[in-house]
Amino acid sequence: MRRATSSPATSSARSTIFLPEELLACDAPSPPLGLIAELTHRCPLQCAYCSNPLALDPPASELSTDDWLRVLDEAAALGVLQVHFSGGEPMARRDLEIMVAHANRAGLYTNIITSGVLLTPERMAAILEAGIDHIQLSFQDSDAVRADGFGGYKGGHAKKLAAAALIQGSDLPPTTNFVIHHGNAGHVAAMIALAEDLKAERIEIAHVQYYGWGLLNRSSLLPSRAQLDQVTDLVETARARLSGRIAIDYVVPDYYAQRPKACMGGWGQRIINISPSGKGLPCHAAESIRDMVFPSVRETSLAALWSGSEAFARFRGTDWMPEPCRTCDRREIDWGGCRCQTLALAGDASRTDPACSRAPDRELMTGAIAEMATPVTPVPRCLAAVALGA
């Protein structure tokens, strides 16, 4: 038996979303808060910390415009509140404005996560016309030479500053993002100063999260404990100084933690991620868990994927947890930590996250930190893709 559920008014030919009766049952999981729409893995930059998978989705495999519009309709009908257009570089898609406008008409809050290097005045006008709510602009460093060298894109920093000026002049709330690693941890004070100059309302200081290319280059990117402590002190001082004017979000690496983070707010609980080729993922790195099958939105509705797929159910909640997680008083706070990180370190996604001081595999985290003693030259994202045949 199937019941029709009305979707928000859109220009799509699909005016009604049909959900299976069983997915509307009271014991179904709560709807996701956000949809991460990874539109493409194409990107002009070559950042060695990129969290995209090593096997990048080729352009020919990307979802079509109509596919994405249907996904946005289904997201709104499911109860999603926010859509974050990301990549790669989402502005590499010429139909980005069409998707933003469609999401806006569906009642979704829209955010673009971008490097800014493809943002021109004409593109900015089109995106504003489409009804974008927010743009998050990323930087590799505070200095052009260092930033362009790491990103592998000459003139990229200057284009980012031009993009920041366009965003600032649009009345959108500017957010700047700086990714922190061993090579730039000493420049955080200058990064915060740059964000202030750009009139940012929010600053994200985010240490590299070690998935995809970041994991491949971990020995070169992981900061020392002294660097981490210095950055933390700088952030706390800036937070106190800028309180009431600029919000600062701070994301640390788990490698020096005593307890793991609640990755993505818990597996299959708050976020649904759609890859460029259409796979539905509980997080952007989930494909690294090779024994799992992730349904595609080409064949499966978003509602069925969220509520009925084994991939989303496998680590949702607490029933799957081993000891000491199962009886830990933080089990519904950190939700067992990060499954992809656990796989990368322990070789088994179902084990206790080694970021936890109580984990049986805790020494693996210590071993990863020890690798910093023999760092190697980081492998740029695009060049490595050719070498690996991705």
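Overview of the structure. (Residues numbered from 1 in each chain as written. Predicted model: local features only at pLDDT ≥ 70, side-chain atom pairs only at ≥ 80, totals over all residues. Heavy atoms only, no water.)

### Regarding the sheet that holds strand S11 (residues 280-281)
Either a parallel or an antiparallel arrangement is found when strands of a sheet pair, and the pairing is made through backbone hydrogen bonds. Strand order in the open sheet made by the nine strands is S9-S8-S7-S6-S5-S4-S3-S10-S11, with mixed pairing throughout. Across the chains shown, the open sheet's two edge strands, defined by having one partner strand only, are strand S9 (247-251) and S11. Two strands pair when backbone bridges link them, and strand S8 (residues 202-207) and S9 are joined in this way by five bridges, in the parallel orientation. Looking across to S9, one finds that Arg202 is bridged to Ala247. (Pairing = 2+ DSSP bridges. Helix = DSSP H or I, 4+ residues; strand = E, 2+ residues; numbered from the N terminus.)

### A look at the pairing of strand S7 (residues 175-180)
Working note: regular strand, side chains alternate between the two faces of the sheet. With six of six residues buried, S7 lies mostly within the body of the structure. Pairing analysis gives four bridges linking strand S6 (residues 134-139) to S7, with the strands arranged parallel. The partner of Ser138 across the bridge, within S7, is Asn177. In this structure, S7 lies alongside S8, joined through six bridges in parallel fashion. Looking across to S8, one finds that Thr176 is bridged to Ile203. Read from S7 through helix H6 (residues 188-197) to S8, the crossover connection turns out right-handed. (Buried < 20%, exposed > 50% of the residue type's maximum accessible area, 1.4 Å probe, protein only. Right-handed = clockwise from strand over helix to strand, strands pointing away.)

### Here we look at the packing of aromatic side chains
Taken as a whole and assessed by the stated rule, the structure comprises six aromatic pairs. What links up through ring pairs into an aromatic cluster is the set Trp267, Phe315 and Trp320. Above the ring of Phe139, the side-chain terminus of Lys160 is found at 5.8 Å from the ring centroid. (Phe/Tyr/Trp six-rings, centres within 6.5 Å; stacked < 30°, edge-to-face > 60°. Lys NZ or Arg CZ within 6 Å of the ring centre and 35° of its normal.)

### Things to note about the environment of Cys43
Mapped onto the elements of the fold, Cys43 is located in the loop between strand S3 (34-38) and helix H1 (65-78). The exposure class of Cys43 is partly exposed, given its relative accessible area of 23%. In the structure, Cys43 is positioned 75 residues away from Leu118 in sequence and 9.7 Å away in space, judged by C-alpha atoms.

### Comments concerning the nonpolar core
Nonpolar side chains tend to gather and get buried jointly when the protein is soluble and globular. Among the nonpolar cores identified, the biggest contains 82 residues, and Phe85 and Ile205 are the most heavily contacted of them. Setting aside anything within four residues of it in sequence, one finds Ile205 in contact with Phe178, Ile180, Val188, Ile192, Val231, Val235, Ile248, Asp249, Tyr250 and Val251. Core analysis: the next-biggest nonpolar cluster, separate from the first, contains 18 residues, Cys263, Trp267, Ala286 and Ile289 among them. (Core = buried A, V, L, I, M, F, W, Y, C linked by side-chain atoms within 4.5 Å. Contact = heavy atoms within 4.5 Å.)

### Considerations on the packing of H6 against helix H9 (residues 225-242)
Running from amino to carboxyl end, H6 crosses H9 at an angle of 30°, the nearest separation of the two axes being 10 Å. The pairing of H6 with H9 is recorded here as roughly parallel in orientation. As for the relative orientation of H6 and H9, their crossing is right-handed in sense. In this structure, H6 uses Val188, Ala189, Ile192 and Glu196 to contact H9, whose residues at the interface are Val231, Leu234, Ala238, Arg241 and Leu242. (Axes fitted to C-alpha atoms, helices over the stretch in contact; angles between N-to-C directions. Parallel < 35°, antiparallel > 145°, perpendicular 65-115°, else oblique. Left-handed = near helix turned anticlockwise from the far one by under 90°.)

### Quick word on helix H2 (residues 96-105)
Extensive coverage of H2 is indicated by the burial of seven of its 10 residues. Listed as buried for H2 are Leu96, Glu97, Met99, Val100, Ala101, His102 and Ala103. Looking at the buried residues of H2, the elements they touch are H1, strand S4 (82-86), strand S5 (109-114) and helix H3 (121-130). Taken from the residues just after H2, Gly107 is the one with a positive phi, measuring 90°.

### So, the packing of H2 against H3
Across the interface, H2 lies against H3 with an axial gap of 8 Å and an inter-helix angle of 20°. Between H2 and H3, the crossing angle belongs to the class labelled roughly parallel. The way H2 lies across H3 gives a crossing that is right-handed. Contact residues: Leu96, Glu97, Val100, Ala101 and Asn104 in H2; Arg123, Ala126, Ile127 and Ala130 in H3. Its residues assigned to classes, the contact of H2 with H3 shows six nonpolar, one polar and two charged. (Nonpolar A, V, L, I, M, F, W, Y, C, P; charged D, E, K, R; others polar.)

### Structural notes on the pattern of salt bridges
This model, assessed by the stated rule, comprises 19 salt bridges. For Arg298, the salt bridge is made with Asp67, and the minimal N-O distance between the two is 3.6 Å. Residue Arg298 is located in the loop between S11 and helix H10 (302-308), and its partner Asp67 is located in helix H1; the two are separated by 231 residues in the primary sequence. The exposure class assigned to Arg298 is partly exposed, which follows from its relative accessible area of 39%. (Salt bridge = Lys/Arg side-chain N within 4 Å of Asp/Glu carboxyl O.)

### Quick word on the side chain of Asp353
Within the secondary structure, Asp353 sits in the loop between helix H12 (339-346) and helix H13 (362-370). In this structure Asp353 is buried but unpaired, with Arg339 as the nearest side chain of opposite charge at 5.0 Å. Sequence-distant contacts of Asp353, defined by excluding residues within four places in its chain, comprise Asp254, Pro260, Gly336, Gly337, Cys338, Arg339, Gln341, Thr342 and Ala359. (Lys, Arg positive; Asp, Glu negative; His and termini not counted.)

### Description of a nonpolar patch on the surface
A surface patch of nonpolar side chains, about 200 Å² in accessible area, is lined by Leu54, Leu216 and Val379. Within the secondary structure, Leu216 is located in helix H7 (residues 212-216). (Patch = residues over 30% accessible without salt bridge, like charges linked within 9 Å, V, L, I, M, F, W, Y side chains within 5 Å. Areas by Shrake-Rupley, 256 points an atom, 1.4 Å probe, with all protein chains shown as cover.)

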